[in-house]
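# Notes for the structure review
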Amino acid sequence: MAKLWQGVTDGVTSKVADDFNSSISFDSRMFREDISGSVAHAKMLAKCGIISEEEKNGIIAGLFGILEDLESGALAIDPECEDIHMFVEQVLTERIGESGKRLHTARSRNDQVALDLRLYLRRETDSFVGLLKRAAETLVKKAEEYKTAVMPGYTHLQRAQPILFSHHLLAYCMMLLRDIDRLCDCRERLNVSPIGSCALAGTTYKTDRRFEAELLGFSDVCRNSMDGVSDRDFALELLSGISIVMTHLSRFCEELILWSSWEFKFVRLSDDFTTGSSIMPQKKNPDMAELIRGKTGRVFGDLMALLTVLKGLPLAYNKDMQEDKEAVFDAVDTVKACLTVFVPMISEMKALPENMLKAAQTGFINATDLADYLVRKGLPFRSAYKIAGQAVARCEELGCVLETLSIDEYKALCDKFDSDLYADIDLKTCVEKRISEGGTSLGSVEEQIKYVKEKLSETEDNI
Ligand code: ARG
């Protein structure tokens, strides 16, 4: 097939080479960005006197026509075209004639593709921020719904100290707030225009890059044309940011999988977000949570692929860079799909506070509080720790818990024990006493809820 770039060569390549070289099957999703970039470019060319007003008007009308027809399906993407940039230019020239050929003055596909990708990812970043806000709002609402439910907090997956379930959920809200921050921060560096860098060295035409950047809503222009066409850090940053999002979702999903098992029974996932087994009638499987956990690996893989593609490339553009898009698109689609299912799955999840409390009542999770009691009675912490450990061992021998070990048993271990110890090791008291900032007491949880809500209301929602 003869190419737009037919020049020094005859523009004819073999079919296998064409197929191998082509990116239209995946980059056509950037047609809106490609067209809006071209509209801005035509306006800039006219403003700088490089094309006439009539030519500009013809180009813009032609581009809008193509946009409309692609949106409505009246115009189909031609898979024979090498990429979306070639396709739009080819259709434009077919439709408006000679002036269509003037659009590519003072630009190259190298800066054009960098521009399209930045525009595309800017929109996706905004929708991630929106989705993350929904996720954090849903979690904070759950925290409010089960504000006072007591559960065992774990370290090493061993029961450690009693906490409020709401405190546990709020930990994830904090992570999501940072995820939002990270993406907003990455958006700032992404929102810089590469267009006008041209092939690599800039152009001999008197263009106005800042005018074009402003039309497209960018806050600055890339200050070095070689960097402008070679930089994909913005994509790396976004992929890193959403990989961290996936790490957070995956950890939470892992907990949901554990919590919804018969071994824990702390939560019940809605039937809408679980599946049955084809053979075991009793099964209710947390497939959605498992898939989110599983898809995390895939997103990490996309990040790793892009890092690896870029690491050995000399400046400036190399065709290897075409490999950025499939990784980026796959990661974006996957994380969006995960967040889209995560939000309603959490919102429909029911907690089972009685089971959480029951679990908290075994495992001696108030042993630290017993030691703290002795510290208050004047013992050094290390000695108190040892005696509390002996009390736990005694309970194990007798088959009871710290709350039911008799006062005589306690006194036999240490004469500082008195019957006021029982109030101190009551699970609710243990939680309530953890008043340090960020601790699990109800007051602290309420502060956290307020903080999360405030932060969320300050985040601009662009979707
Ligand atoms: N399809 C190409 C890509 O995605 C567009 C840029 C092509 N530039 C070039 N000089 N061949 O990277």
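Residues numbered from 1 in each chain as written. Predicted model: local features only at pLDDT ≥ 70, side-chain atom pairs only at ≥ 80, totals over all residues. Heavy atoms only, no water.

We now examine the site of the ligand. Around the ligand, the surrounding shell consists of Ser23, Asp27, Asp83, His85, Arg109, Asn110, Val113, Tyr317, Gln322 and Lys325. Side-chain polar atom of Arg109 to a nitrogen atom of the ligand: 3.5 Å apart, as the coordinates give it. One nitrogen or oxygen atom from the side chain of Asn110 is found 2.9 Å from a nitrogen atom belonging to the ligand. Burial of the ligand by the surrounding chains reaches 87%, relative to a free accessible area of 350 Å². Top element by residues in the shell around the ligand is helix α6 (residues 109-145). It accounts for three residues. Class assignment of the residues belonging to the shell around the ligand gives a composition of two nonpolar, four polar and four charged. (Near = heavy atom within 4 Å. Polar contact = N/O pair within 3.5 Å; in protein donor to acceptor, adjacent residues only side chain to side chain. Areas by Shrake-Rupley, 256 points an atom, 1.4 Å probe, with all protein chains shown as cover. Helix = DSSP H or I, 4+ residues; strand = E, 2+ residues; numbered from the N terminus. Nonpolar A, V, L, I, M, F, W, Y, C, P; charged D, E, K, R; others polar.)

The next point concerns the pairing of strand β2 (residues 158-164). Relative to β2, strand β1 (residues 150-155) runs antiparallel, the two being bridged by six bridges. Bridge assignment links Thr155 to a residue of β2, and that residue is Gln158. Between β1 and β2, which pair antiparallel one after the other, the connecting turn spans two residues, and His156 there sits at a positive phi close to 55 degrees. (Pairing = 2+ DSSP bridges.)

Turning to unusual backbone geometry, a few remarks are in order. Omega for the bond connecting Leu315 with Ala316 falls within 30 degrees of zero, at 0 degrees, which places this linkage in the cis form. The topology assignment puts Ala316 in the loop between α11 (287-311) and α12 (324-347). Of note in the backbone geometry, Ala106 takes a positive phi value of approximately 60 degrees without being a glycine. Mapped onto the elements, Ala106 comes out in the loop between α5 (84-96) and α6. Phi at His156 takes a positive value of approximately 55 degrees, unusual for a residue other than glycine. Considering the arrangement of structural elements, one finds His156 in the loop between β1 and β2.

Per the counting criterion, the structure on display carries 37 salt bridges. Between Lys142 and Glu145 there is a salt bridge; the shortest N-O distance is 3.2 Å. Pair noted here: Lys142 and Glu145 are both in helix α6, with a separation of three residues, about one helical turn. Exposure remark for Lys142: the relative accessible area of 4% places this residue in the buried category. Where Asp418 meets Lys411, a salt bridge forms, and the shortest distance between an N and an O atom there is 3.9 Å. On the accessibility criterion, Asp418 (38% relative accessible area) is partly exposed. In this structure, a network of salt bridges that share partners links the residues Asp369, Arg376, Asp424, Lys433 and Arg434. (Salt bridge = Lys/Arg side-chain N within 4 Å of Asp/Glu carboxyl O. Buried < 20%, exposed > 50% of the residue type's maximum accessible area, 1.4 Å probe, protein only.)

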